[in-house]
Each structure stands twice: as C-alpha cells, then as structure tokens.
Amino acid sequence: MDSFNTKAVHGEKVPGTIKSKITPIYQTSVFTFDSLEDMEAHYNGDGSYLYTRCGNPNSDELAAVTARLEGAPSGVAASSGLGAIMAAILAVAKNGDHIVAAHDVYGGTFYMLKEELARMGIQASFVDFEDQAAIQAAIRPETVILYTESIANPFLRVEDLNAMSTLAKKNNLVFMVDNTFATPYLVKPFELGADLVVHSATKYIGGHSDVSAGVVVGKEEYIAEAQKRVINIGLNLSPFESWLACRGAKTLGLRMERQSSNAKKVADWLSTQEKVKEVFYPKAVSEKGNGAIVTIHLADQADESAFFRSLGWIQIVPSLAGVETSVSWPFGTSHRSLTAEEKAAVGVSEKTVRISIGIEEAEDIIAQLEGALNKA
Ligand SMILES: Cc1ncc(COP(=O)(O)O)c(C=O)c1O
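The present account deals with the structure reproduced in this document.

What counts, and where the lines are drawn
Residues numbered from 1 in each chain as written. Predicted model: local features only at pLDDT ≥ 70, side-chain atom pairs only at ≥ 80, totals over all residues. Heavy atoms only, no water. Pairing = 2+ DSSP bridges. Helix = DSSP H or I, 4+ residues; strand = E, 2+ residues; numbered from the N terminus. Contact = heavy atoms within 4.5 Å. Axes fitted to C-alpha atoms, helices over the stretch in contact; angles between N-to-C directions. Parallel < 35°, antiparallel > 145°, perpendicular 65-115°, else oblique. Left-handed = near helix turned anticlockwise from the far one by under 90°. Nonpolar A, V, L, I, M, F, W, Y, C, P; charged D, E, K, R; others polar. Patch = residues over 30% accessible without salt bridge, like charges linked within 9 Å, V, L, I, M, F, W, Y side chains within 5 Å. Areas by Shrake-Rupley, 256 points an atom, 1.4 Å probe, with all protein chains shown as cover. Salt bridge = Lys/Arg side-chain N within 4 Å of Asp/Glu carboxyl O. Lys, Arg positive; Asp, Glu negative; His and termini not counted. Charge placed at Lys NZ, Arg CZ, Asp CG, Glu CD. Buried < 20%, exposed > 50% of the residue type's maximum accessible area, 1.4 Å probe, protein only.

## What to know about the sheet that holds strand β11 (residues 326-328)
For step 1, the next point in the chain: In space, the 5 strands of this open sheet follow the order β8-β9-β12-β11-β10, with mixed pairing throughout. On the outer flanks of this sheet lie β8 (276-280) and β10 (315-316), each paired with one strand and no other.
For step 2, the next point in the chain: Bridge count for β11 against strand β12 (residues 352-356) is 3 bridges, and the pairing is antiparallel. In the sheet register, S328 faces β12, and the bridge partner there is R354.
For step 3, the next point in the chain: Sheet contacts for helix α11 (residues 252-270): β8, β9 (293-298) and β12; angle to β9, the most-contacted strand, approximately 15 degrees.

Below, the structure is given as structure tokens:
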C-alpha cells in the first residue's frame, strides 16, 4: 500500500484523448516515455517531446502560426524579441564575422549588436539605409548579415525591402528583417526576399501587454541553426507565455486593421493641431493600412510635462502595441542612453511623443489627446 507522500505524486493522469477545443498549456518541464524504445524513437525524429527547453507543443504552435502568417516554411519561438534576434544572428554569424545594420534599429538591438555581440567577436556597422552606396561601402569580406526593420522607430521609416533584399543577394549576405512594427498582416518580408524574419511577440502578436516573447521564422536551414541556439543557450519561451502569444495571434489581423484605421484618423487630426509641430505617420506600407504608431513633435511652445500629465485614460508606457492607446517618451526611455549629439542626430528631443494607437473609438482617442494638447 502506497504511503501518503507516494499517493500525492503518483496516480491517474488526465487521458491524452480528451479533445479540448483550445490547445492546453503543456506546463511541464519534461516529457515521459513508456520504454527505452520510445525514447530512442524520439531521438530518431518521431516528433515526440523530450524536455521543454528543447521543444514544447505551445512554443512550437507559436512558431508555426507566425511562420504560416509570414509565409515562411519554419520558425522557432524565443524568450523575448531580443532572445529571438540573438538566436537568429547566432544562427548565421560567428566569431570574426561582421553585420551591416540600419542605424535606426530598435535601441535594444543596437546595444546587443554594439556591445554583446562585439564581446563574442562579431562586429557591426550602423548605416543610414536610405543610402545604398553607404551600405555597399560598409560591406566587408567578413560581412555575413544585412539587418534592418520593416518599419523603424520612432520616426516610422519604411524600409525598401525589395531593394535591400537585392543588395543582400548581390553581396551574398543573409537578409534579416525585424517585422515587429508592421506585422505580417501589413508586410511579409520573407515573401519579399528576407532569409530570416524576427518578431518581438511582446508587441502586436501578443497584443495585450501581458507577455514577453519572441519568434524567428525563415528558411529551414537557418531555423534549424536558430533552434540549436535556443536550446543550447537557453533562449526558449515558457509554455504559458507561448500559449498567451498564440491566443493573441488569433486576433492579430482584426486588431491591426482596427488600430491602423484608428491611427490614420488620429494622425490626420494631429496634423491640424497648433500645439503639434510635426506628425510622423507612414504612407504606403500596405493597402491594408500603415500601422498603428504615430509619432509627433510637440510645438516648441508646448509644455511636454503638462501634456503627459493630462492624458486622461491614455497611459504612459515605455512600450507599444497593446489594445489600449498608450504614449511613450523616447527621449527619456528608448533613447535615454544616447548622448545629446546622438539624440539630435536621430531627431529625438524632449518634444517627441510616440503614440501607440489602440482599439478604442478613434473619436475617444482624439478627445483624450485634445485634452492633453489643451493643457500642454
Ligand atoms: C522593433 C523591436 N524589436 C525588438 C524588440 C525587443 O523585444 P523584447 O522587448 O520582446 O525583447 C523591441 C522592443 O521594444 C522592438 O520594438
């Protein structure tokens, strides 16, 4: 007769034949085998699972849905957007290699390339990607990756992915694109020639500001390498985070459609406002919309502290892409570590406000912003 503690840990499990509508959360660090032969079958590629760091049904589902939406054959989930970028880069680059990256990549990516990868012997040059001659001039014999973002932040420069992919091919480089801001609803970099596409699923794929996650999708040979980095470095995404991101992905199209259409209305309205000096909102990203971020420079006479204090239900959030409209202050957050000269060079000042447009009614978003502008 088993004792109390033994009875507490051994017993009937939920049968695997239960047909839940939604994929359950496989909140387990490890999987079991009925025999040594079954375990051997795993190593021979029967598709069973071994250990969550090496693969979990929930993170595989997130990789699969993202790959499907991007039109790519394969993918792997990672612990965050930066985890995904690290896995993607290390799938290709090794000690001694060099990367040419757009100078306006996300600050965390910039820092990773400049500091962390440099410590591993991988150098990066940052170039204005509007200047193709400058990109060509920065390419060295040891360059292996051309790295950019489909929509760059905070001024929402839209990358010419066709041109960059041609340039990468001509120079035999792996073309890597961060598609976080555009999402595959608006832009599909893989179909435009990217070899690897990365996402901070923390943003639009998750969509509800409740998960940190990343995904890499792309050509099978690179994804196989990225997957090895995820496993060997420990960049895997937890089952619950994967599950939340998968739930978000289901409404990605609906949210992007609504948020982009709201953003256009808000951008048009902002461009008529006296207290707003300049509005940045992309044109011609896609016929489905131009994204859900609007950046503004407040007028010189406007008081930015008063503006941020008077936003009503719009929250100050150093991130983006939730269903709620939020604002961030690049000067004091994403671009904080830049010197005054570097900030001036990228055009970020105290008056710069990045607005992440949500799913509310556009008129209500405008009313909140109007209240803040009146106080600014
Ligand atoms: C464009 C872009 N890429 C990558 C990242 C990093 O993502 P995460 O914070 O999920 O690591 C961010 C975060 O803001 C981002 O904006």
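Following the structure, the description resumes.
## Considering the packing of helix α4 (residues 81-92) against helix α9 (residues 220-233)
For step 1, the next point in the chain: For the pair α4 and α9, the least separation of the axes is 8 Å and the interaxial angle reads 120 degrees. Classified by the interaxial angle, the pair formed by α4 and α9 is oblique. Considering only the axes of α4 and α9, their crossing is right-handed. Where α4 abuts α9, its residues A87, L90, A91 and V92 lie against Y222, E225, A226, R229, V230 and I233.
For step 2, the next point in the chain: Along the lines of polarity and charge, the residues of the contact of α4 with α9 split into 8 nonpolar, no polar and 2 charged.

## Quick word on a negative patch on the surface
For step 1, the next point in the chain: A surface patch of negative charge is lined by D34, E37, D38, E40 and D46.
For step 2, the next point in the chain: Positionally, D34 belongs in the loop between α1 (4-9) and α2 (36-43).
For step 3, the next point in the chain: Judged by its relative accessible area of 75%, D34 falls in the exposed class.

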